[in-house]
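Listed here are the chains, written in short residue letters.
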Amino acid sequence: MNEDEGLREEMRKAVADFLRAEADPARRRTAMDSDDGYDRSLFERGVTELGLGGLTVPEACGGLGLGFAEAAVVIEEFGRAVVPSPVPDTLVAATVLAEAGEPAQAVLRRLATDPVAIAVAGLAGPVGVDGGRLHGTARAVPHGARADLVLVLGEDGGVYLVSPAEPGVTRTAHWALDHTRRLADVEFSHVPAKRLAPGDDLARRLVDLVRIAIAVESAAAASACLEATVAYLKVREQFGRPIGSFQALKHRCADLAVAVHGALATARYAVRCAASGAATDSSGDDVATVAAIAKTVCTDTLMSVAADCLQLHGGVGFTFEHDVHLYLKRGKANQVLAGRNAQLRATLAAKL
Amino acid sequence: MTADDAEFRAEVRAWLTEQLTGEFADVAGLGGEGREDEALDRRREWERRLGAGGWIGLGWPVEHGGRGASLAQQVIFHEEYARANGPGRLLHMSEQLVGPTILAFGSAEQKRRFLPGITAGETLWCQGYSEPGAGSDLAGVRTRAVREGDEYVLTGQKVWTSLAHVADWCFVLARTDPASARHTGLSYLLVPLDQPGIEVRPIKQITGTSEFNEVFFDGARTPVANRVGAEGDGWRVAMGTLGFERGVATLGQQIGFRRELDHVVALARRNGAFDEPELRDRLVRAWIGLRVLRYTAVSTLRSAGSSVSGLEASLSKLQWATWRRDLGELAVDVLGEDALTVGESYGLSPEQTLFLFSRADTIYGGSNEVQRNIVAERLLGLPRG
């Protein structure tokens, strides 16, 4: 294990411990039913105690100066616990802002010290831009209603940073199929906004990192869901023995383990590609291609793992009280968010 | 990849290219699946050339004729071999199964006697494990080996013995204690095939060709000195071999998979199948699946030391064998009616061969069901039934 990996393992442990203590299942339930849709105090403590907000902020701006590889470790742990939180999107946004450089200096300094939740808008279709003003509606923005700032994908290929407090921004909060990720429609009516960079590289980067972040949390969630299910199969008895001893169930779990193994490898591979700075990998794939592959593979895996895990729990799996439905709903939502998987595969066909 | 690995890859590529476009151009691409008997003499010469070039037993210690190469370099060799369209290997069981077993469990004398023949590309070994009554349940082995003086005398039958019809030696799991049952009382014996008391009969496969055989032992003999490990300890030795079988070579085979997929995609583009949305989506899924196989192999290499664990190997086998079986079905669907006729005497096209042969991938070397049991019990810790 090299030095970087050692650091990441320490971070992983710290975040896992933090979430175990502060986001236990009962508090997670309270958070997902609250007005915010997430636990604001957990977010604030994550920022102040673990330094999550400033993780990818350059040291010159007061942050820790780490990269997407470290952010991904945090996202994995939040994914494992299906915690309702704007932390993953905020980390992605902060990574992209750090890469935007000078135009984002002020917000980066804020991120390093204050709890600032950032939502990413425009993934379901970019927002109109006319003479430096945003107009139109960004649909299905994760945690969009309670975010402190919104990073907007414009139809001109630009990325814009907007405060929802600006006149002309209207947010409509929705309860979501995924109980752990509240969505909002964010409407802009001729809102002046600052474009962070010329060209469309930053927008592409933002989309890639969002997709990889979804892949990472999905693979981790699938892994956690399978672990919990296997633990249940070892203790649940029917016909006088643990049901996990029945071959039909064991084989199903083995197939899920193969899928999880592949999904984790895929998600981590995509993270390394995104963090490496190389234009292409040894297969000649660019980061956008790897991100699209990872997004489809990992979200399909979470969906199928959660679906089977619900079935393996029997009637208990159909109860609201049990957590398995949180994974199922997250899986379905992640298949759809940031580019439906069928649509991504249709795009990937050009690579064959 | 390190600079050393890049240099190693360049060395392998240059050597293979020189051989396979020069003196051995005639064997390039021969002896693949369903064509195992193609150009046998030339392919044995090719194995000797590989041996002379120092390419057999790459990961073995230098004192036993190897190069002490890292896992990454062994994978590089397999990748480059596939890329160069090298012929089907005749010595793969020699190099990947019995060789590592002798290295791990053999005596100093056995290492001196048997390993040089393998690294020189000379000795062709086959595997005598499965029997009509002992397939997935290998502990049901009934072939007997009775001691007479300083020899064992073998009686029984092995089955699915690949290449037995051309092999020089067979490594045999036999019951040396007639009163024993299951995993006890078995021994791992090295048996010369060229002797009276051994009959090899080819088995015709669903492809119409014969790659594996039945082997009948009726009074065949081998010296006691050819037993690997202690008498009665054969199960442990054989399990070591299975671990090797499910190991390193599979990491390097993806170049070959890539070639097969590219071929199917090219066919689909040519005949218009690519424009059918359902087939196109299946092709994209196959393409993505192969990427996942690669990412998984990369992850295994990153975490593995010098060898691949049996567990990783089981996960990988389930993953690739299922992927390839699906590709075989897709290849036929892409070809449509063109895939429905075969040549004279059931002569198969590469796509038809892929479709039929990939059914074996999920069976040999531990069926998918056995691999699932291994993953469920050893990785997930689910109780035995």
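Values in this document were obtained by computation on a predicted structure and should not be read as measured data.

*Asks:* I'd like a description of the overall build of chain A, backed by residues and values.
*Replies:* The number of helices and strands found in chain A is 11 helices and 10 strands. The globule rule puts the C-alpha radius of gyration for 352 residues at 20 Å, and the 20 Å found for chain A is close to it. In terms of principal-axis extent, the alpha carbons of chain A reach across some 70 × 45 × 40 Å. With the model as given, the accessible surface of chain A reaches about 13800 Å², and the carbon-plus-sulfur share is 53%. Separation between the mean location of the 37 positive side-chain charges and that of the 44 negative ones in chain A comes to 5 Å.

*Asks:* Please give an account of the overall build of chain B that cites residues and values.
*Replies:* Check the secondary structure of chain B and you find 12 helices and eight strands. Against the 2.2 N^0.38 benchmark of 21 Å for 385 residues, chain B shows a C-alpha radius of gyration of 21 Å, consistent with a compact globule. Seen through its C-alpha atoms, chain B measures out along the principal axes to roughly 70 × 50 × 45 Å. Buried residues in chain B amount to 52% of all 385 residues. Within chain B, counting contacts between residues at least 6 apart in sequence, those at least 24 apart form 73% of the total. Element-wise, carbon and sulfur atoms account for 51% of the exposed surface of chain B, whose accessible area totals about 16400 Å². Looking at chain B, you have 43 positive and 52 negative side-chain charges, and the mean spots of the two groups are 4 Å apart.

*Asks:* Can you explain the interface of chain A and chain B? Please cite residues and give values.
*Replies:* Many analyses report the size of an interface as the accessible area lost when the parts associate. With 37 residues of chain A at the interface, the matching set in chain B holds 35 residues. A combined buried area of about 3200 Å² lies between chain A and chain B, and 64% of that area is made up of carbon and sulfur atoms. Along the contact surface separating chain A from chain B lie six salt bridges. For B:D281, the salt bridge identified is with A:R345, shortest N-O distance 2.9 Å. Connecting chain A to chain B are 16 residue pairs in polar contact (both at pLDDT 80 or more).

*Asks:* Give me the pairing of strand 2 (residues 144-148) of chain B: which residues, what numbers.
*Replies:* Residue and element names in this part refer to chain B. Here strand 2 pairs with strand 3 (residues 151-162) via five bridges, running antiparallel. Counted as the bridge partner of V146 is V153 from strand 3. Counted along the chain from strand 2 to the antiparallel partner strand 3, the turn is two residues long, and its residue G149 has a positive phi close to 65°.

*Asks:* I'd like a rundown of the packing of aromatic side chains, residues and numbers included.
*Replies:* All names here are of chain B. Under the defined criterion, the tally for this structure stands at 20 aromatic pairs over all chains. Measuring from ring centre to ring centre gives 6.0 Å for F77 and Y81, while their planes differ by 40°; the resulting arrangement is tilted. Within this pair, F77 and its partner Y81 are both found in helix 3 (residues 71-83), separated by four residues, close to a single helical turn. Ring geometry for W160 versus F212: centroids 5.3 Å apart, planes at 65°, classification edge-to-face.

*Asks:* Could you give an account of the nonpolar core, with specific residues and numbers?
*Replies:* Core analysis: the largest hydrophobic core is formed by 139 residues, its most contacted members being A:V74, A:L97, A:L206, A:I212 and B:L283. At 20 residues, helix 7 (residues 201-235) of chain A tops the list of elements feeding residues into this core. Beyond its immediate chain neighbours, meaning those up to four positions away, B:L283 contacts A:L352, B:V264, B:V265, B:A268, B:F274, B:L330 and B:V334. The next biggest cluster of nonpolar side chains, apart from the first, holds 62 residues, and it includes B:L91, B:L97, B:A134 and B:C170.

*Asks:* Break down the sheet that holds strand 2 (residues 128-130) of chain A for me, with residues and values.
*Replies:* Pairing between the strands of a sheet comes from backbone hydrogen bonds, and it takes one of two forms, parallel or antiparallel. Residue and element names in this part refer to chain A. The four strands lie next to each other as 2-3-7-6, forming an open sheet whose pairing is antiparallel. Only two strands of the sheet have a single partner each, and these edge strands are strand 2 and strand 6 (169-174). Neighbour-to-neighbour, the strand axes of this sheet turn through a mean angle of 10°, independent of strand direction. Judged from the eight bridges that link them, strand 3 (residues 133-142) and strand 7 (residues 183-192) form a sheet pairing that is antiparallel. Looking at strand 7, one finds that R133 is bridged to P192.

*Asks:* Residue-level account of helix 2 (residues 25-32) of chain A, with values.
*Replies:* Because the α-helix completes a turn every 3.6 residues, residues three or four places apart line up on one side. All names here are of chain A. Of the residues making up helix 2, those classed as buried are R28, R29, A31 and M32. In an axial view of helix 2, the angular spread of the buried residues amounts to 160°, which keeps them on one side of the axis. The exposed set on the far side of helix 2, more than 90 degrees from its buried face, consists of A26 and T30. Residues of helix 2 that are buried make contact with helix 10 (324-336).

*Asks:* Break down the sheet that holds strand 4 (residues 149-153) of chain A for me, with residues and values.
*Replies:* Residues and elements named next belong to chain A. Reading across the sheet, the four strands line up as 1-4-5-8 and stay open at both edges, with mixed pairing between neighbours. Both outer strands of the open sheet, strand 1 (118-121) and strand 8 (194-195), are each paired with one neighbouring strand and no more. Contacts between helix 5 (residues 87-100) and the sheet are confined to strand 1 and strand 4, with strand 1 contributing the most and set at about 80° to the helix.

*Asks:* Tell me about the environment of A:R241, residues and numbers included.
*Replies:* Of note, A:R241 is situated in strand 10 (residues 241-242). Discounting chain neighbours no more than four positions away, the residues touching A:R241 are A:R236, A:F246 and B:G385. Polar contacts involving the side chain of A:R241 include one to the side chain of A:S245, which spans 3.1 Å.

*Asks:* Which residues make up unusual backbone geometry, and what values go with them?
*Replies:* A positive phi angle, near 50°, is found at A:A140, a position not held by glycine. Within the secondary structure, A:A140 is located in strand 3.

*Asks:* Pulling in residues and values, what's your account of the environment of B:A238?
*Replies:* Tracing the backbone shows B:A238 in helix 6 (residues 234-245). For the pair B:A238 and B:V98, spaced 140 residues apart in the sequence, the C-alpha separation amounts to 9.4 Å.

*Asks:* Account for the packing of helix 8 (residues 247-276) of chain A against helix 10 (residues 310-335) of chain B, with residues named and values stated.
*Replies:* At a minimum axis distance of 10 Å, the contact between helix 8 of chain A and helix 10 of chain B shows a crossing angle of 95°. The orientation of helix 8 of chain A relative to helix 10 of chain B falls into the category roughly perpendicular. Across from A:A257, A:V258, A:H261 and A:G262 in helix 8 of chain A, the residues of helix 10 of chain B making contact are B:E312, B:L315, B:L318 and B:Q319. Looking at side-chain class alone, the contact of helix 8 of chain A with helix 10 of chain B contains four nonpolar, three polar and one charged residues.

*Asks:* Give a description of the pattern of salt bridges that names residues and reports values.
*Replies:* By the definition in use, this model includes 61 salt bridges over all chains. For A:D308, the salt bridge identified is with A:R252, shortest N-O distance 3.1 Å. Pair noted here: A:D308 is in helix 9 (residues 287-312) and A:R252 is in helix 8, with a separation of 56 residues, a long-range link. Across the pair B:R44 and B:D168 runs a salt bridge whose closest N-O atoms are separated by 2.8 Å. Placement of B:R44 in helix 2 (residues 40-52) and of B:D168 in the loop between strand 3 and strand 4 (169-175) is noted, with a sequence separation of 124 residues between them. Under the relative-accessibility criterion, B:R44 is labelled buried at 17%. Its relative accessible area of 29% is what places B:D168 among the partly exposed residues.

Calculation rules
- Residues numbered from 1 in each chain as written.
- Chains lettered and ligands numbered in written order.
- Predicted model: local features only at pLDDT ≥ 70, side-chain atom pairs only at ≥ 80, totals over all residues.
- Heavy atoms only, no water.
- Helix = DSSP H or I, 4+ residues; strand = E, 2+ residues; numbered from the N terminus.
- Rg over C-alpha atoms; globule rule 2.2 N^0.38 Å.
- Areas by Shrake-Rupley, 256 points an atom, 1.4 Å probe, with all protein chains shown as cover.
- Lys, Arg positive; Asp, Glu negative; His and termini not counted.
- Charge placed at Lys NZ, Arg CZ, Asp CG, Glu CD.
- Buried < 20%, exposed > 50% of the residue type's maximum accessible area, 1.4 Å probe, protein only.
- Contact = heavy atoms within 4.5 Å.
- Buried area = accessible area lost by both parts, 1.4 Å probe.
- Salt bridge = Lys/Arg side-chain N within 4 Å of Asp/Glu carboxyl O.
- Polar contact = N/O pair within 3.5 Å; in protein donor to acceptor, adjacent residues only side chain to side chain.
- Pairing = 2+ DSSP bridges.
- Phe/Tyr/Trp six-rings, centres within 6.5 Å; stacked < 30°, edge-to-face > 60°.
- Core = buried A, V, L, I, M, F, W, Y, C linked by side-chain atoms within 4.5 Å.
- Axes fitted to C-alpha atoms, helices over the stretch in contact; angles between N-to-C directions.
- Arc of directions from axis to C-beta.
- Parallel < 35°, antiparallel > 145°, perpendicular 65-115°, else oblique.
- Nonpolar A, V, L, I, M, F, W, Y, C, P; charged D, E, K, R; others polar.

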